[in-house]
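Structure at a glance
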Amino acid sequence: MHFQIRTAFALGILVFTSHVTANDRRDSAQNTASETIVDTSHGDQWVDEYFRRETETISAAAFAEIKTLEDWEDRRQGYRDQLHEMLGLSPLPERTPLSPVVTGSATAEDVVVENIQFQSMPGVYVTGNLYRPAKQDGPLPAILYVCGHGKVKKDGISYGNKTYYQYHGGWFARNGYVCLTIDTIQLGEIEGIHHGTYREGAWWWNNRGYTPAGVEAWNGIRSLDYLQSRPEVDGERIGVTGRSGGGAYSWYIAALDERVKAAVPVAGITSLKNHVVDGCVEGHCDCMYMVNTYRWDYPMVAALIAPRPLLISNTDKDTIFPLDGVVDVYSKVRSIYKLYDQEKNIGLHITEGPHTDTQELRIHAFRWFNRHLRADNELIDKTATPLFDIQQLKVFDSLPSDERVTTIHETFVPKESSDTAGKRSKVTSQQRDQWMSSLKSKTFGGWPVVADSLNTKTIAEREVDEMKVAAIEYTSQSPYRLTMFAVTPKSSKEAKSVNVVVLDQQTWQRVAAGLAVHLPDTLPGVTPAPHQWKRLQDDSATIPTVYVAPRGVGLTEWTRDPVKRTHIRRRFMLLGQTAASMQIYDVMRTMQAMEALSPFENAELTLRGNGDAAHWSLLASLFNNRVTQLALTDLPLSNRDAPDLLNISRFTEMPEIASMAAGRVKKIELSGSNTGQWKREFSAFEQDDASVTFSEVPPN
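**Considering the overall build of the protein**
Secondary structure summary: the protein contains 20 helices and 22 strands in total. Compactness check: the protein gives a C-alpha radius of gyration of 29 Å against a globular reference of 27 Å for 700 residues, within 12% of the reference. With respect to the three principal axes, the spread of C-alpha positions in the protein is 95 × 50 × 50 Å. Considering only residue pairs separated by 6 or more positions, the protein has 76% of its internal contacts joining residues 24 or more positions apart. With the model as given, the accessible surface of the protein reaches about 26,700 Å², and the carbon-plus-sulfur share is 48%. Separation of charge centres in the protein, based on 74 positive and 86 negative side chains, amounts to 2 Å.

Okay, here's the thing in structure tokens:
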């Protein structure tokens, strides 16, 4: 019997899991150990093409609905609210007392510098240097200078990047400004972390919706509070600037806080295309990026400064802020200034050079602030030079014991607050509805609004050993043309139930080796293993089985280079997705494709998976009513240990998700090494919607 395509009537969303035993894992480990070179060029080309298409879609949407000034102003506050959220600043933290302390001062030429510290929130110490003229007759305009990545460390002691960039503060003070130069958390006197996903493998930052850019933005906003508290400062004339990382934070601070009256971000922004398609993400740590929940291109950030004076400044040979992307941002933001009839307030300054703090960049920034904060168009006649030894600019003799800078990533964005110690209450339908709403908008908002045509096609089919085996192609999301593999009893007509096995890369190797025995042309490069085919045959002897490999697994596997894989995962976040969220989407699309295939169109589905695939299967089960059973092995107990999904830890945790599934399906079977913990979790829920069984060892 051939697999026949029939019309699909419902937008089904389905899930698959892997059916893996300890023997499977040993077999996979042996296969991996014997591998030498794996050709992933096909998968690499597809993921590159995918990123290009998604980036074009997002870029085309920027300002697409903005035709008039009224359109923009109607939406502007909503955009600003979204930016707050994407920086982890929604709700906005409490403005607790700054408790500022001046720990020392020094004078050089006509400049006084004060070493100051304050707390942007309790325990989050901001260290900085406040530069001011030695003599002044009244309040002066002020500049907040936010530092880039300039490491200054001696004998194991960090003096903060504020000392690297001190010549900016000195110039402003010598020219009639008060300037506060602040450390960042990565390279300050108290050394925090910017490199969670970039280098530390902290993918749970995406789960939490955390980015260090949010902390830097908050520290900048509280720095404005501090400047306005100083009698030397005219609080109505404050500007912000910085370069590289400091340029990025300058964008965020000015976009969120209208107390900034003029801004000069230097080498701190470029287009989404540059980051994702051209690979600039590989040169940037996490502090550059918001968690892109609402799928913005970066002109959206810049436009929130309009119509206030904004100078976009960059060099022409900057490899991590390329010229074409900088010009693209300028051109699009200029259209918003044009709506205000304030094109005189936006400027583009490009000078020759690489990614470095050139004198030409400084001079134009100084003139911009002079013009817009002091109505001064005189020529610059003083250069920016360092005035102090780094030891003179150090704030702390010893670091405070109550500091939270080094651990702020753990607490800055609050996580879901349910008790994980067995005190949960039974989940209500209202709670499930709220969680589902949040999942759709905050976690899976990057799924296609309009699905591509599945275009399902059987590309290979054989009858052997009283079994049928078939390879079936379908489009999940362009350009991803995936292949599911069906193994069914020869006598099967219309299946009442189907096992849908979701494969991770480890399980794929075992399954593909068995399928290659009879479908070698469909699985090029896979060595056939008859004993693996026998296992697949036994598994499908009574109930048909469909094997599903989402994108990045099997035939679409991308590079195994760990650094390149890291930046592929980071690119997904820049698109408002994660690799896992799109793999869950692929599982759902596979189930939709099955609805048009005989003999599966009316079957109930059991999703099976192990580890990461168990996680994909659980989440996918929430979106399709044909899933009646789940068989999950080694399902992660917490979001932190699971594949990353944007923002999910802000509103729910793995036990709640499992409880949601239990309210939808007839049966859940949990097995593996953490089964005892899962049993306690379900007991705490008093869950009685589904039959939940537990096994210490995976089912055969």
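**Regarding the confidence of the model for the protein**
In the predicted model, the protein carries a mean pLDDT of 92, and 92% of its residues have values of at least 70. Across residues 1-35 the pLDDT falls below 50, and counting only partners more than four positions away or on other chains, this stretch makes 126 contacts in the model.

**Remarks on the packing of helix α13 (residues 429-443) against helix α19 (residues 654-662)**
It is at 11 Å that the axes of α13 and α19 come closest, and there the two elements cross at 110°. Classed by the angle they form, the pair α13 and α19 counts as roughly perpendicular. Here the hand of the crossing between α13 and α19 comes out left-handed. Between α13 and α19, the contacting residues are R432, W435, M436 and L439 on the first element and E656, S659 and M660 on the second.

**Notes on the pairing of strand β20 (residues 627-633)**
For a regular strand, side-chain orientation follows a simple rule: the groups alternate between the two sheet faces. With respect to burial, β20 is a largely interior element, 6 of its 7 residues being buried. Two strands pair when backbone bridges link them, and strand β19 (residues 604-610) and β20 are joined in this way by 6 bridges, in the parallel orientation. Its bridge partner lying in β20, G609 is registered against L632. Note: β20 against strand β21 (residues 667-671), 5 bridges, orientation parallel. Opposite L630, over in β21, you have I668 as the bridge partner. The parallel pair β20 and β21 is bridged by α19, and the resulting crossover is right-handed.

**Describing the packing of aromatic side chains**
Taken as a whole and judged by the stated rule, the model has 28 aromatic pairs. Ring centres 5.9 Å apart and planes at 40° place the aromatic pair W558 and F572 in the tilted group. Taken together, the positions of W558 in the loop between β17 (545-548) and α16 (562-574) and F572 in helix α16 put the pair 14 residues apart, joining distant regions of the chain. We note that W558, like F572, is buried.

**Description of the side chain of S158**
If you trace the backbone, S158 turns up in strand β7 (residues 157-158). Among the polar contacts made by the side chain of S158, one reaches the main-chain amide nitrogen of G160 at a distance of 3.4 Å. Among the polar contacts listed, one links the side chain of S158 to the backbone oxygen of G188, at a separation of 2.7 Å. With residues up to four places along the chain from it excluded, the contact list for S158 reads V152, K153, L187, G188, E189, E191 and K394.

**A short note on the environment of L619**
Mapped onto the secondary structure, L619 falls in helix α18 (residues 612-621). Sequence spacing of L619 and D381 is 238 residues, and the spatial spacing of their C-alpha atoms is 63 Å.

**Observations concerning unusual backbone geometry**
In the segment running from A306 into P307, the intervening peptide bond is cis, with an omega of 0°. With respect to the helices and strands, the residue P307 is situated in the loop between α10 (299-303) and β11 (310-315). In this model, S478 is joined to P479 through a cis peptide bond whose omega is 10°. Positionally, P479 belongs in the loop between β14 (467-477) and β15 (480-489).

**Some remarks on the pattern of salt bridges**
As a working rule, side chains carrying opposite charge can pair if their charged atoms are close by. By the definition in use, this model includes 41 salt bridges. Here E114 and R132 are joined by a salt bridge, their closest N and O atoms 3.1 Å apart. A residue pair is termed long-range when its members are at least 10 positions apart, and E114 in strand β3 (residues 111-121) and R132 in strand β4 (residues 124-133) qualify at 18 residues. Take E114 and R132: they sit in the same class, and that class is buried.

**Some points on a nonpolar patch on the surface**
Where nonpolar side chains cluster on the molecular surface, the patch consists of L323, V327 and I350 and spans about 180 Å² of accessible area. Relative to the assigned elements, I350 resides in strand β12 (residues 346-351).

**Overview of the sheet that holds β11**
Pairing within the open sheet is mixed, and its 9 strands lie in the order β2-β3-β4-β8-β5-β9-β10-β11-β12. Each edge of the open sheet carries a strand with a single partner, namely β2 (101-108) and β12. The sheet shows a mean angle of 20° between the axes of neighbouring strands, taken without regard to direction. In this sheet, β4 lies alongside β3 in antiparallel orientation, the contact comprising 10 bridges. Within β4, the position partnered with V113 by the bridge is Y131. Along the sheet, helix α11 (residues 323-339) contacts β11 and β12; its crossing angle with β12, the most-contacted strand, is approximately 165°. In the packing of helix α12 (residues 359-374) onto the sheet, contacts are made with β5 (140-146), β9 (233-243), β10 (260-266), β11 and β12, and the angle to β10 comes to roughly 170°.

**Here we look at helix α15 (residues 530-539)**
Taken residue by residue, α15 has Q532, W533, L536 and Q537 as its buried positions. Along α15, the residues classed as buried sweep out an arc of 145° about the axis, all on the same side.

**A closer look at helix α5 (residues 166-174)**
In terms of burial, α5 is largely enclosed, as 9 of its 9 residues are buried. When we look at burial in α5, the residues that qualify are Q166, Y167, H168, G169, G170, W171, F172, A173 and R174. At the C-terminal side of α5, G176 shows a positive phi close to 90°.

**Overview of the environment of L361**
Among the structural elements, L361 can be located in helix α12. Sequence spacing of L361 and N314 is 47 residues, and the spatial spacing of their C-alpha atoms is 7.3 Å.

Definitions and limits used
Residues numbered from 1 in each chain as written. Predicted model: local features only at pLDDT ≥ 70, side-chain atom pairs only at ≥ 80, totals over all residues. Heavy atoms only, no water. Helix = DSSP H or I, 4+ residues; strand = E, 2+ residues; numbered from the N terminus. Rg over C-alpha atoms; globule rule 2.2 N^0.38 Å. Contact = heavy atoms within 4.5 Å. Areas by Shrake-Rupley, 256 points an atom, 1.4 Å probe, with all protein chains shown as cover. Lys, Arg positive; Asp, Glu negative; His and termini not counted. Charge placed at Lys NZ, Arg CZ, Asp CG, Glu CD. pLDDT = per-residue confidence, 0-100. Axes fitted to C-alpha atoms, helices over the stretch in contact; angles between N-to-C directions. Parallel < 35°, antiparallel > 145°, perpendicular 65-115°, else oblique. Left-handed = near helix turned anticlockwise from the far one by under 90°. Buried < 20%, exposed > 50% of the residue type's maximum accessible area, 1.4 Å probe, protein only. Pairing = 2+ DSSP bridges. Right-handed = clockwise from strand over helix to strand, strands pointing away. Phe/Tyr/Trp six-rings, centres within 6.5 Å; stacked < 30°, edge-to-face > 60°. Polar contact = N/O pair within 3.5 Å; in protein donor to acceptor, adjacent residues only side chain to side chain. Salt bridge = Lys/Arg side-chain N within 4 Å of Asp/Glu carboxyl O. Patch = residues over 30% accessible without salt bridge, like charges linked within 9 Å, V, L, I, M, F, W, Y side chains within 5 Å. Arc of directions from axis to C-beta.

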